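Fold and geometry: a report
In case you want the letters, here they are:
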Amino acid sequence: MFVVVGATGNVGRTLSSILVASGNAVTTVSRGRRPLAVPDGVRHHRADLEQPESLRPAVAGAEALFLLVEGAGAHLDMREILRVVAAGGVKRIVLQSSQAAGTRPDSPSHAPLRAIEDLVRHSGLGWTILRPGGFASNALAWTEPVRGNRMVAAPFGDVGLPLIDPADIAEVAAAALRDHSHDGRTYELTGPALSTPRERVADLAAALGEPIGFVDQTPDEAREQMLRFMPPPVVEGTLAILGAPTKREQRISPDVADVLGRSPRPFAAWATRNIDAFRRPSS
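Computed from a predicted structure; not experimentally measured.

**Examining the sheet that holds strand β1 (residues 2-5)**
The strand order β3-β2-β1-β4-β5-β6-β8 describes an open sheet built from seven strands, whose pairing is parallel. Because the sheet does not close on itself, it has two edges, and the strands there are β3 (43-46) and β8 (185-189). Across the sheet, the axes of successive neighbouring strands diverge by a mean angle of 15°, strand direction being ignored. Two strands pair when backbone bridges link them, and strand β2 (residues 26-30) and β3 are joined in this way by four bridges, in the parallel orientation. Among the inter-strand pairings, Ser30 is bridged to a residue of β3, identified as Arg46. Against the sheet, helix α1 (residues 10-21) contacts β1, β2, β4 (64-67) and β5 (92-96), and its axis sits at roughly 165° relative to β1. Across the sheet, helix α7 (residues 166-178) is in contact with β1, β4, β5, β6 (126-132) and β8; its angle to β5 comes to roughly 165°.

This is the structure in structure tokens:
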């Protein structure tokens, strides 16, 4: 049996479906009631990582655990979480971290994730660390302006990053949960090519079949917008990556291909698969 913590997210939903489709028993964990997106045949358990003991019924008898923590996870008692997980019989943890935990380990925005990684590595359990770069699904933040006036505003319009499709992260996570040969590995997960915001808008327009305008925001304009839903350290860390990525953050990683035996999906494929989110509602 596998446990998926973070089953309501872009990765967790797909991961749960992959595991169930392969005939695996799956328990999903979230703080609220059973999410509508959880596939049939999946057991759901309501728990809160801020209360580690609430995890105990979910992990009892589980073989492996997929762990995603909200934000940077600095507020969590990760040692106690790992103790409860181990006591339940879990043998392996697949932790979804972030590429920046490796490229910017001392930044206030990502240092807590690096600390969580270190605790998992020294937990005595088998472990696999997934470090995805930017998500293709971050483009969902553009749904309302695209629906409303076919326009997108974003900073650093011509700076490219190799964004990763969340479905590829889920497939790598499923492989790591099912096969202990991935134990002790840290995988950096990226897409197959650099993609700029301007290029991503063009991909969305092609999938939609209608032109979409692009406005290059100033960093200050982007900062003001992002502060409405992100804490300041995360905003500053995100803007630093978007505007001045390191060579490593722009590197095309081979890890998705090495694990899955195929190239990662490009942003255009994500756009085509998710284009209905950008269509105007029928009148």
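**Details of helix α5 (residues 111-121)**
For α5, the full list of buried residues reads Leu113, Ile116, Glu117 and Val120. Angularly, the buried residues of α5 cover 105° about the axis, an arc narrow enough to put them on a single face. For α5, the elements touching its buried residues are α3 (78-87), β5, α4 (100-103) and β6.

**Considerations on the environment of Gly213**
The topology assignment puts Gly213 in strand β9 (residues 213-217). Judged by relative accessible area, Gly213 falls into the partly exposed class, the value being 23%. In this structure the C-alpha to C-alpha distance between Gly213 and Leu119, which are 94 residues apart in sequence, comes to 45 Å. Excluding residues within four positions of it along the chain, Gly213 makes contact with Arg150, Met151, Val152 and Val201.

**A closer look at the pairing of β5**
With five of five residues buried, β5 is to be regarded as a mostly interior element. Residues of β5 alternate between two faces, with Arg92, Val94 and Gln96 on one and Ile93 and Leu95 on the opposite face, all of them buried. Two elements, β4 and β5, share four bridges in a ladder whose sense is parallel. In the sheet register, Ala64 faces β5, and the bridge partner there is Arg92. Two strands pair when backbone bridges link them, and β5 and β6 are joined in this way by five bridges, in the parallel orientation. Along β6, the bridge assignment pairs Arg92 with Gly126.

**Topic: the pattern of salt bridges**
Under the defined criterion, the tally for this structure stands at 23 salt bridges. Taking the shortest distance from any N to any O, the salt bridge between Arg147 and Glu144 comes out at 2.9 Å. Of this pair, Arg147 and Glu144 both sit in helix α6 (residues 143-149), three residues apart, roughly one helical turn. A salt bridge links Glu188 to Arg248; the shortest N-O distance between them is 3.0 Å. Here Glu188 is found in strand β8, whereas its partner Arg248 is found in the loop between α10 (232-243) and α11 (255-260), with 60 residues between them in sequence. Connected through salt bridges with shared partners, the residues Glu53, Arg56, Glu80 and Arg83 form a single ionic network.

**Section: the packing of α1 against α7**
Between α1 and α7, the least distance of the axes is 8 Å, while the angle of their chain directions is 50°. If you check the angle between α1 and α7, you find them oblique. In this structure, α1 meets α7 at a crossing whose hand is right-handed. Mapping the contact onto sequence places Asn10, Val11, Thr14, Leu15, Ile18 and Leu19 in α1 and Pro166, Ala167, Ile169, Ala170, Glu171, Ala173, Ala174, Leu177 and Arg178 in α7. Considered class by class, the residues forming the contact of α1 with α7 number 11 nonpolar, two polar and two charged.

**Looking at the packing of aromatic side chains**
In total, this model carries two aromatic pairs according to the counting rule given. When the ring of Trp270 is compared with that of Phe278, the centres are 6.3 Å apart and the planes differ by 80°; the resulting orientation is edge-to-face. For Phe278, a relative accessible area of 1% puts it in the buried group. Above the ring of Trp127, the side-chain terminus of Arg121 is found at 5.2 Å from the ring centroid.

**A closer look at the pairing of β2**
Of all five residues that make up β2, five are buried, and the element is covered over most of its length. In this sheet, β2 lies alongside β1 in parallel orientation, the contact comprising four bridges. Bridged to Val4 within β2 is Thr28. Each parallel crossover has a hand, and the one from β1 via α1 to β2 is right-handed.

Criteria and cut-off values
- Residues numbered from 1 in each chain as written.
- Predicted model: local features only at pLDDT ≥ 70, side-chain atom pairs only at ≥ 80, totals over all residues.
- Heavy atoms only, no water.
- Pairing = 2+ DSSP bridges.
- Helix = DSSP H or I, 4+ residues; strand = E, 2+ residues; numbered from the N terminus.
- Axes fitted to C-alpha atoms, helices over the stretch in contact; angles between N-to-C directions.
- Contact = heavy atoms within 4.5 Å.
- Buried < 20%, exposed > 50% of the residue type's maximum accessible area, 1.4 Å probe, protein only.
- Arc of directions from axis to C-beta.
- Salt bridge = Lys/Arg side-chain N within 4 Å of Asp/Glu carboxyl O.
- Parallel < 35°, antiparallel > 145°, perpendicular 65-115°, else oblique.
- Left-handed = near helix turned anticlockwise from the far one by under 90°.
- Nonpolar A, V, L, I, M, F, W, Y, C, P; charged D, E, K, R; others polar.
- Phe/Tyr/Trp six-rings, centres within 6.5 Å; stacked < 30°, edge-to-face > 60°.
- Lys NZ or Arg CZ within 6 Å of the ring centre and 35° of its normal.
- Right-handed = clockwise from strand over helix to strand, strands pointing away.

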